[in-house]
Amino acid sequence: MRVLLVPYTFVLMNWAAVAGLYHFARRSKDVWLNRSSSAPRAERANRRISERNRSL
Amino acid sequence: MVKTVFWLSVFFVFYVYFGYPLLLAAWRQLAGRKPRKRRWEPSVSILIAAHDERERIERKILNCLDLDYPREKMQIVVALDAPTDGTEDVVWKYAGKAIDVAYYWPHRGKAGALNIAAAAATGDILIFADARQRIARNAVRELVANFADSEVGGVSGDLVLLDETGHEAADGVGLYWRYEKSLRAMEGDVHSVLGATGALYAIRRELFRPVPNDTILDDVAIPMNAVLAGRRVVFDPDARVYDTVAASPREEYGRKVRTLMGNYQLIARMPEVLLPFRNPVFVQFVSHKVGRLAAPYGLAAIFVSNLFLLEGAYLAFLSAQSAWYALACAGPWLSRLLPQRQPVRCGGLARELAILPAAVAAEGRKEAA
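Being a predicted model, the structure only gives us computed values, none of them experimental.

Rules used in this analysis
- All residue numbers refer to positions counted from 1 along the written sequence of the respective chain.
- Each chain is given a letter, starting from A, and each ligand a number, starting from 1, according to the order in which they appear as written.
- Only residues with pLDDT of at least 70 are given local features in this predicted model, and only at 80 or more are side-chain atom pairs given and counted; all residues enter the totals for whole chains, interfaces and linings.
- The side-chain values count all of the structure's non-hydrogen atoms but skip hydrogen atoms and water molecules.
- Secondary structure follows DSSP: runs of H or I at least 4 residues long count as helices, runs of E at least 2 residues long count as strands, and numbering of each begins at the N terminus.
- We call a residue buried when its accessible area falls under 20% of the maximum for its residue type, exposed when it is over 50%, and partly exposed in between, using a 1.4 Å probe and counting protein chains only.
- The Shrake-Rupley method, run with a 1.4 Å probe, gives the accessible areas here. Residue values count only the displayed protein chains as cover.
- In short, DSSP must find at least two bridges between two strands for them to pair.
- The contact definition used throughout considers only heavy atoms, calling two residues in contact when any of these lie within 4.5 Å.
- Axes here refer to lines fitted to C-alpha atoms; in helices the fit is confined to the stretch in contact. Angles between the N-to-C directions go from 0 to 180 degrees.
- In this analysis, rings of Phe, Tyr and Trp, with Trp reduced to its six-membered ring, are considered paired at centre separations within 6.5 Å, and the interplanar angle assigns stacked below 30 degrees, edge-to-face beyond 60, and tilted for intermediate values.
- The salt bridge criterion pairs a side-chain nitrogen of Lys or Arg with a carboxyl oxygen of Asp or Glu, the two atoms within 4 Å.
- Directions pointing from the helix axis toward each C-beta atom define the arc.
- Take the far helix as the reference: if the near one is turned anticlockwise from it by less than a right angle, the crossing is left-handed, and if turned clockwise, right-handed.
- Amino acids are sorted into nonpolar (Ala, Val, Leu, Ile, Met, Phe, Trp, Tyr, Cys and Pro), charged (Asp, Glu, Lys and Arg) and polar (every other residue, Gly among them).
- As used here, the term nonpolar core means buried Ala, Val, Leu, Ile, Met, Phe, Trp, Tyr and Cys residues forming a set that is joined through side-chain atoms within 4.5 Å.
- Lining residues are defined by having an atom within 4 Å of a point belonging to a cavity or pocket. Those points lie on a 1 Å grid over the protein atoms alone, cavities being sets where a 1.4 Å probe fits but cannot get out and pockets being open sets with protein on both sides within 12 Å along at least five of seven lines.
- Grid points are joined across faces, edges and corners, and a volume is the space filled by probe spheres set on the points.
- Looking down the strands as they point away from the viewer, one classifies a crossover as right-handed if the path from the first strand across the helix to the second runs clockwise.
- The pLDDT value tells you how sure the predictor is about a given residue, anywhere from 0 up to 100.

Looking only at helices and strands, chain B has 13 helices and 8 strands in total. The burial tally for chain B puts 57% of its 369 residues in the buried class. Carbon and sulfur atoms make up 61% of the accessible area of chain B, which amounts to about 15700 Å² in all.

Let us look at the sheet that holds strand β2 (residues 74-81) of chain B. All names here are of chain B. Spatially, 8 strands are ordered β3-β2-β1-β4-β7-β6-β8-β5 in an open sheet, and the strand pairing comes out mixed. The open sheet terminates on both sides in strands that have one partner only, identified here as β3 (100-104) and β5 (134-135). Across 7 bridges, strand β1 (residues 44-50) lies against β2 in parallel orientation. Counterpart to Ile46 in the pairing with β2 is Ile76. Contacts from helix α4 (residues 110-119) reach β1, β2, β3, β4 (125-129) and β7 (200-204), with the element oriented near 145° to β1. Packing against the sheet, helix α7 (residues 218-228) makes contact with β4, β7 and β8 (232-244), and its axis sits at approximately 30° to β7.

Moving on: the packing of aromatic side chains. All names here are of chain B. A complete count under the given rule lists 14 aromatic pairs over all chains for this structure. For the pair Trp7 and Tyr314, a centre-to-centre distance of 6.3 Å together with 65° between the ring planes defines the contact as edge-to-face. Separated by 307 residues along the polypeptide, Trp7 in helix α1 (residues 2-31) and Tyr314 in helix α10 (residues 313-329) bring together distant segments of the chain. Residue Trp7 is classed as partly exposed on the basis of its relative accessible area of 40%.

Here we take up the pattern of salt bridges. Residue and element names in this part refer to chain B. Inspection of the entire model under this criterion finds 22 salt bridges over all chains. Put simply, Asp149 and Arg36 hold a salt bridge, and the shortest N to O gap is 3.3 Å. Residue Asp149 is found in the loop between α5 (139-145) and β6 (152-162), and its partner Arg36 is found in the loop between α1 and β1; the two are separated by 113 residues along the sequence. Residue classification places Asp149 among the buried positions, given a relative accessible area of 2%. When its relative accessible area of 54% is taken as the criterion, Arg36 is described as exposed. Between Arg269 and Asp214 there is a salt bridge whose closest N-O contact spans 2.9 Å. Of the two residues, Arg269 sits in helix α8 (residues 249-269) while Asp214 sits in the loop between β7 and α7, which places them 55 residues apart along the sequence. The class of Arg269 is partly exposed, set by a relative accessible area of 24%. What you see here is one network of salt bridges that share partners, running through Arg39, Glu41, Asp68, Lys73 and Arg141.

All names here are of chain B. For Gly298, the location among the structural elements is in helix α9 (residues 282-306). Its relative accessible area of 8% is what places Gly298 among the buried residues. A C-alpha to C-alpha distance of 18 Å links Gly298 and Met261, two positions 37 residues apart in sequence. Leave out the neighbours within four places in its chain, and Gly298 touches Ser9, Phe12 and Val13.

Glancing now at the pairing of β3(B). The side chains of a regular strand alternate between the sheet's two faces. Residue and element names in this part refer to chain B. Judged by how many residues are buried, β3 sits mostly within the fold: 5 of 5 residues are covered. Summarising the sheet, β2 and β3 pair through 5 bridges and their orientation is parallel. Residue pairing in the sheet places Ala79 in a bridge with Ala102 of β3.

This part takes up helix α2 (residues 57-65) of chain B. Residue and element names in this part refer to chain B. Along α2, the residues classified as buried are Ile57, Lys60, Ile61, Asn63 and Cys64. Buried residues in α2, looked at end-on, bunch into an arc of 160°, giving them a common side. Looking at the buried positions of α2, the neighbouring elements they touch are β1, β2, α3 (87-91), β4 and β5.

This part takes up the packing of α1(B) against α9(B). All names here are of chain B. Two elements in contact, α1 and α9, have axes whose closest approach is 8 Å; the angle formed by their N-to-C orientations is 150°. In this structure, α1 meets α9 at a crossing whose hand is left-handed. Here the residues of the contact of α1 with α9 sort into 18 nonpolar, 8 polar and 1 charged.

Looking now at the nonpolar core. Residue and element names in this part refer to chain B. Membership of the largest hydrophobic core comes to 53 residues, with the highest contact counts inside it found for Leu47, Leu126, Phe128 and Met224. Every residue in contact with Leu126, bar those within four places of it in the chain, is listed here: Ser45, Leu47, Ala118, Ala121, Tyr201, Ala202, Ile203, Arg205 and Phe208. Grouped together as the second largest cluster of nonpolar side chains are 46 residues, Val44, Val152, Leu159 and Val241 included.

On to empty space enclosed by the protein, then. Residues and elements named next belong to chain B. Counted according to the given criterion, the structure contains 2 cavities of 30 Å³ or more. Counted as a void, the second largest cavity has a volume near 40 Å³. In this structure, the second largest cavity is lined by Gly154, Val155, Ser156, Ala196, Tyr201, Ala202, Ile203, Ile222, Pro223 and Val233. Put simply, the parts of the chain that give the lining of the second largest cavity at least two residues each are β6, β7 and α7. When its residues are assigned to classes, the lining of the second largest cavity shows 8 nonpolar, 2 polar and no charged.

Turning to the pairing of β1(B), a few remarks are in order. Residues and elements named next belong to chain B. Across the 7 residues that make up β1, a large majority, 7, are buried. For the handedness criterion, the β-α-β arrangement of β1, α2 and β2 is classed as right-handed. Bridging between β1 and β4 involves 5 bridges; their strand directions are parallel. Directly across from Ile48, in β4, lies its bridge partner Ala129.

Glancing now at the confidence of the model for chain B. All names here are of chain B. Taken residue by residue, chain B gives an average pLDDT of 86. The fraction at 70 or more is 85%. Note on residues 340-369: pLDDT is under 50 here. Beyond four places in sequence and across chains, it has 73 contacts. Prediction confidence for the complex, expressed as pTM and ipTM, is 0.80 and 0.76 respectively.

This is how it looks when you write it as structure tokens:
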């Protein structure tokens, strides 16, 4: 009986691919513009951790 | 012309869903190489990105502290990604004593959080874990054993979905998930998986490259960098991480859309994955990732071209297609008629069944928003 749901699953999987392209194209600004302009710097991250650990 | 379109589309779709798995199976049989695992205990850093995880983070920290791995060789780093629910209050109890904490504003997203956590890591092996899932006690040991093989640059764990009784939701996972996992296993044996399980995967620290903060599929981009650097990323079914099946159809559908959207982003940002002389898993990537993105258009081409081919076997094929899609449209109602043998069956069905009308409505709402 459950095999009757296979077409539904299959179609939905493929629908998701179309929707993925749609959202990727529509949200291209969100995808391409980072909220922070660069990847985080290791030195800044290390300083924060060191400061916190020293304070404990 | 119409026949050409029809048959090309049929061959394409057949290859994506059946031909490629058969090719992989034969490839594995002829030239498969399992990693040479050996008990090994390098220093590891478990990196956890946490935004609003107040309800789960303590359990995750305790889960990590309970892992079967030498404590002196295991660093745990929690990157607090601008939490708003008091997650930091839970995490600070352990900071400095058992775990290292990176706490920052503004919100960067998971990829950004992992970048920061990786920058603070000291272990030779970076292990990425989500806050949600439970890691099996021996999972880290199993993961790192693969790195005894110098060819291995990364390892993906095995996400096991459990039902409410605590047993593996084998039936509930469904044909689709089993199919995907078998593909992943074969790809790992042939060379590399095309993406790791975000809930648990590991990479050699020297192979880690920070990814843009808005990267959707960090668990594909990060391992792919290792593959492009000439190493393998394998799948280890013995390194298990447990989760429960999602109950919401919309959640599963949304996750799938986001995953596929992430594939487009990955290709746009790492176009070298489409170069055969640059990508060691070019055939697998095009067959699996690109093939899945293009398959719906192939299916549409088959159906539309078949409308112009109405003689003999073509008519029979058109009838079969029509019945298939009619059954697909009836899916939401059929799923309600099925007996619920165990809760996960509905959850497992939900994983695969994200209701088509709801999906259409969801798209409409997003459009309106």
